[in-house]
Amino acid sequence: MNFFMIPVFSFVPTKYRELVEEKGGKVFGALLVCFLILGIISGIRGTAAMNELSGAIKSDCPDFELRGGEFSIDDTYIFDEDNVYMEVDDSIDKVAAADVDALSSTGKYQSVVIVGKHSAGMYNNGQIQVIDYDKLGDFEISKDKIVNTFLPALNVVIIAACILGAFVAIGLYYLAALILQYITSAFSKGMFKNELTETERFRITVLATFPPHLLVYILKIPGLHIGFLVNIILRLGFIALVLYFYAKTAENDEISDTVIDA
């Protein structure tokens, strides 16, 4: 069977007699290619989100810069929604813990951030922190650096992480198959009266869980949440469907052999 057709035929229950005969390394390689493609797609989606953020910062965020322990911004920015208060104003010389406490103690806000010219203060999870910029050493940041340096570098990191994540994902995928193969064996014996060899039960489990895996991946793209239980039910359901046709083809082969012998 063609290397690239293995993932395609994993969607066809009647093809599993042929698929099980393929070498384990060939099956792994074919699925790894699929996982790498999915990883690249995830990376592209991630970089698209970063590019969208970059565009929003360019158009909506005023110019700002932190250099030499001093912060400056073209326009004052205040956000006061959803129990969050954020104020960015370089006319505030120094932010003290008392300034943050005055807002957080009202009980109105879960998070408070105040950014001033020489320091910043924040409140989150019941704690108040104040940061003096002169303690940050030579650290510098600006709108220009975020848009033209940090976010493009983050795009590279996202792509690399998604590709590396594909190797982790297929490792976890095979680990899940090692566990689910015993359910595959129980289904085959209990529901279809068909005894599987160790190779058959593992190979069927590995291949039959790929279509539900891909389906869940696609459904998550528009933001649809697929819970762990639903995920498992989809996998076991498709395994059962595969086993039905697998047992049926075994019966047909036996009948054919009987007719030939006769």
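Draft legend 1. Region of the structure containing the environment of Tyr173. Position of Tyr173 among the secondary structure elements: in helix H5 (residues 143-192). For Tyr173, a relative accessible area of 4% gives the class buried. On a C-alpha basis, the gap between Tyr173 and Thr199 in space is 17 Å, while along the polypeptide they are 26 residues apart. With near-sequence residues (within four places) excluded, Tyr173 lies in contact with Leu31, Phe35, Val206, Thr209, Phe210, His213 and Arg235.

Draft legend 2. Region of the structure containing the pairing of strand S3 (residues 77-81). Two elements, S3 and strand S4 (residues 84-88), share five bridges in a ladder whose sense is antiparallel. Bridge pairing links Glu81 to Val84 in S4. As consecutive antiparallel partners, S3 and S4 are separated by two residues, and within that stretch Asp82 has a phi angle of approximately 55°, a positive value.

Draft legend 3. Examining the packing of aromatic side chains more closely. Taken as a whole, this structure holds eleven aromatic pairs when the rule is applied. Ring centres 5.1 Å apart and planes at 85° place the aromatic pair Phe3 and Phe4 in the edge-to-face group. The partly exposed category is assigned to Phe3, whose relative accessible area is 28%. Note on Phe71 and Tyr133: the rings are 6.5 Å apart at their centroids and 50° apart in plane angle, and the pair reads as tilted. Placement of Phe71 in strand S2 (residues 70-73) and of Tyr133 in the loop between strand S7 (127-132) and strand S8 (141-142) is noted, with a sequence separation of 62 residues between them. Residues Phe71 and Tyr133 agree in their burial class; the two are buried. Every member of this aromatic cluster is reached through a ring pair, and the members are Phe28, Phe35, Tyr173, Tyr174 and Phe202. Above the face of the Phe9 ring, Lys15 is positioned so that its terminal group lies 4.7 Å from the ring centre.

What counts, and at which threshold
Residues numbered from 1 in each chain as written. Predicted model: local features only at pLDDT ≥ 70, side-chain atom pairs only at ≥ 80, totals over all residues. Heavy atoms only, no water. Helix = DSSP H or I, 4+ residues; strand = E, 2+ residues; numbered from the N terminus. Buried < 20%, exposed > 50% of the residue type's maximum accessible area, 1.4 Å probe, protein only. Contact = heavy atoms within 4.5 Å. Pairing = 2+ DSSP bridges. Phe/Tyr/Trp six-rings, centres within 6.5 Å; stacked < 30°, edge-to-face > 60°. Lys NZ or Arg CZ within 6 Å of the ring centre and 35° of its normal.

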